[in-house]
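Fold and contact review
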Amino acid sequence: MKRLTEYLNSKFIEAANSLRPKNAAHRIVAYVESYDDISFWRSVFDEFESDKFHFEVMLPARSSLTKGKKQAMMNMLGKAYGKNMIACVDSDYDYLLQGATSTSRQLISNPYILHTYAYAIENLKCNADSLKQICVQSTLNDKSLIDLGQFMKLYSEICFPLFAWNILLYRMHDTKTMSMLKFCEIVRLTSFTVGKPAYSLQQLSNRVTHNIKLLEKRFPELIDKQKEVEKELTSLGVLPQETYFYIQGHHLMKNVVLRILAPVCRILRNKREEEIQRLAYHRQQYNNELASYRHSQCDVALMLNKNTDYKQTTPYRKLKADIESLLHSLGNKKTDETEQGL
């Protein structure tokens, strides 16, 4: 009995010790822009945690409440720069500007700065292929009213030429002719009817075409350059059918995706409640079932914000490749340092 007790105590202590943080692993501090980003980057690094590498995600400063992209990237300067400390930021337009600004140059050239490739985390959460599942989770109704993935792809293809104009002008440091705010106003969904999705796309196409004609008239010398930018964007991974990944994230979520999901979910809920009413044997059963259904529903905006079904998207795969490359580089450096020590 005594030996059994000692054995159990030993196993308990061994198990308890295994709960401690991986102190032996190489610790990498990852600075992020805001509180909201911590959860996203934590989920990203979970795939890469091992006995060799351990990530700690935190805000840029321990001694102040200063946040933001610039602050996160500033922590990369001086002695903090390198294998023990990295920055994790939204790409915004900086990746697509391809060195046209100092921030862009730093972002695309520094292996210790990881970025989303998509404009922001919100864009990844709006992954077109996951939108139906968002509606199902919100309404508990699996009926299909519209092909949401196809709608977003058509939306993106319409926006792509004007988006290329927007990037071209920003690369030329012209942020007034087609500001990001103006671009977002043009590509927002002004109206959406579940039964007539083509009408919304036609309205969008008319606005985009009109503004492209205005730009071509004002800058005829840039028409060929715009075509070159379209080709370059495609080579950077910006596929025309995925333009929505690179549009300002908050705008995309609020003025495009939720404009679609809100009426879709409203109809799906109504259909489910009508079904409950039709199948109920009596009033009490109807009231009980209806109360249970309404209690089980979730707000579609909340479900969209919690969406994690984006790990097969083009931007996320590129981010994952950057992390793999970084860890491979750090692993080689660690080996070299060990050999030099010997």
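Quick caveat, the model's predicted, so the values are computed rather than measured. (Residues numbered from 1 in each chain as written. Predicted model: local features only at pLDDT ≥ 70, side-chain atom pairs only at ≥ 80, totals over all residues. Heavy atoms only, no water.)

Another point: helix H13 (residues 283-296). Every α-helical turn comprises 3.6 residues, leaving residues that sit three or four positions apart pointing alike. The end-to-end C-alpha distance of H13, which contains 14 residues, comes to 20 Å, matching closely the 20 Å that a straight helix rising 1.5 Å per residue would cover. What H13 keeps buried is the set Tyr286, Leu290 and Tyr293. Looking down the long axis of H13, one finds its buried residues gathered within 65 degrees of arc, a one-sided arrangement. Where H13 is buried, its residues meet helix H7 (131-139) and helix H12 (249-279). (Helix = DSSP H or I, 4+ residues; strand = E, 2+ residues; numbered from the N terminus. Expected span 1.5 Å × (residues − 1). Buried < 20%, exposed > 50% of the residue type's maximum accessible area, 1.4 Å probe, protein only. Arc of directions from axis to C-beta. Contact = heavy atoms within 4.5 Å.)

Time to look at the pattern of salt bridges. Note on pairing: side chains with opposite charge can pair once their charged atoms come close. The final tally for this structure, using the stated rule, is 10 salt bridges. Its salt-bridge partner being glutamate 56, residue arginine 27 comes within 2.6 Å of it at the nearest N-O pair. Pair noted here: arginine 27 is in strand E1 (residues 26-32) and glutamate 56 is in strand E2 (residues 53-58), with a separation of 29 residues, a long-range link. Linking glutamate 232 and arginine 171 is a salt bridge whose minimum nitrogen-to-oxygen distance equals 2.7 Å. Of this pair, glutamate 232 sits in helix H11 (residues 223-235) while arginine 171 sits in helix H8 (residues 148-171); the two residues are 61 residues apart in sequence, bridging distant segments of the chain. In this structure glutamate 232 comes out as partly exposed when scored by relative accessible area, which is 28%. Judged by its relative accessible area of 17%, arginine 171 is buried. One network of salt bridges, in which partners are shared, links Arg42, Asp46 and Glu49. (Salt bridge = Lys/Arg side-chain N within 4 Å of Asp/Glu carboxyl O.)

Moving on: the environment of leucine 326. Its location among the elements puts leucine 326 in helix H15 (residues 314-341). Its relative accessible area of 5% is what places leucine 326 among the buried residues. For the pair leucine 326 and isoleucine 113, spaced 213 residues apart in the sequence, the C-alpha separation amounts to 9.8 Å. Once residues within four sequence positions are removed from consideration, leucine 326 is found in contact with Ile86, Pro111 and Tyr112.

This part takes up the sheet that holds E2. The 4 strands lie next to each other as E2-E1-E3-E4, forming an open sheet whose pairing is parallel. One side of each edge strand has no neighbouring strand; the edge strands of this open sheet are E2 and strand E4 (113-115). Going across the sheet, the axis of each strand differs from the next one's by a mean of 30 degrees, ignoring polarity. The sheet contact formed by strand E3 (residues 85-89) and E4 spans 3 bridges and is parallel. From the neighbouring strand, cysteine 88 faces E4, where its bridge partner is leucine 114. Relative to E2, helix H2 (residues 35-46) is tilted by about 170 degrees, and along the sheet it contacts E1, E2, E3 and E4. (Pairing = 2+ DSSP bridges. Axes fitted to C-alpha atoms, helices over the stretch in contact; angles between N-to-C directions.)

Turning next to the packing of aromatic side chains. Summed over the entire model, instances satisfying the criterion amount to 13 aromatic pairs. Seen in terms of ring centroids, phenylalanine 40 and tryptophan 41 are 5.2 Å apart; in terms of plane orientation they differ by 85 degrees. Their pairing is edge-to-face. Across this residue pair, the class does not change: phenylalanine 40 and tryptophan 41 are buried. Pairwise contacts between aromatic rings join Phe40, Trp41, Phe45, Phe55, Tyr310 and Tyr316 into one cluster. (Phe/Tyr/Trp six-rings, centres within 6.5 Å; stacked < 30°, edge-to-face > 60°.)

Next up on the list: the side chain of threonine 243. As for its placement among the helices and strands, threonine 243 is situated in the loop between H11 and H12. Among the residues examined, threonine 243 registers a relative accessible area of 0% and is labelled buried. Looking at threonine 243, its side chain comes within polar contact range of the main-chain oxygen of serine 156, at 3.1 Å. Ignoring anything within four residues of it in the chain, the contact list for threonine 243 reads Ser156, Cys159, Phe160 and Phe163. (Polar contact = N/O pair within 3.5 Å; in protein donor to acceptor, adjacent residues only side chain to side chain.)

Here we take up unusual backbone geometry. One non-glycine residue, tyrosine 117, lies in positive phi territory at about 65 degrees. Examined against the element boundaries, tyrosine 117 turns out to sit in the loop between E4 and helix H6 (121-125). Its identity is not glycine, yet leucine 140 carries a phi of approximately 60 degrees, on the positive side. Summarising the element assignment, leucine 140 is placed in the loop between H7 and H8. For leucine 140, a relative accessible area of 38% puts it in the partly exposed group.

Here E1 lies mainly inside the structure; 6 of its 7 residues are buried. Two elements, E1 and E2, share 6 bridges in a ladder whose sense is parallel. Within the sheet, the bridge partner assigned to arginine 27 lies in E2 and is histidine 54. Assessed by its sense of winding, the connection that carries the chain from E1 through H2 to E2 is right-handed. (Right-handed = clockwise from strand over helix to strand, strands pointing away.)

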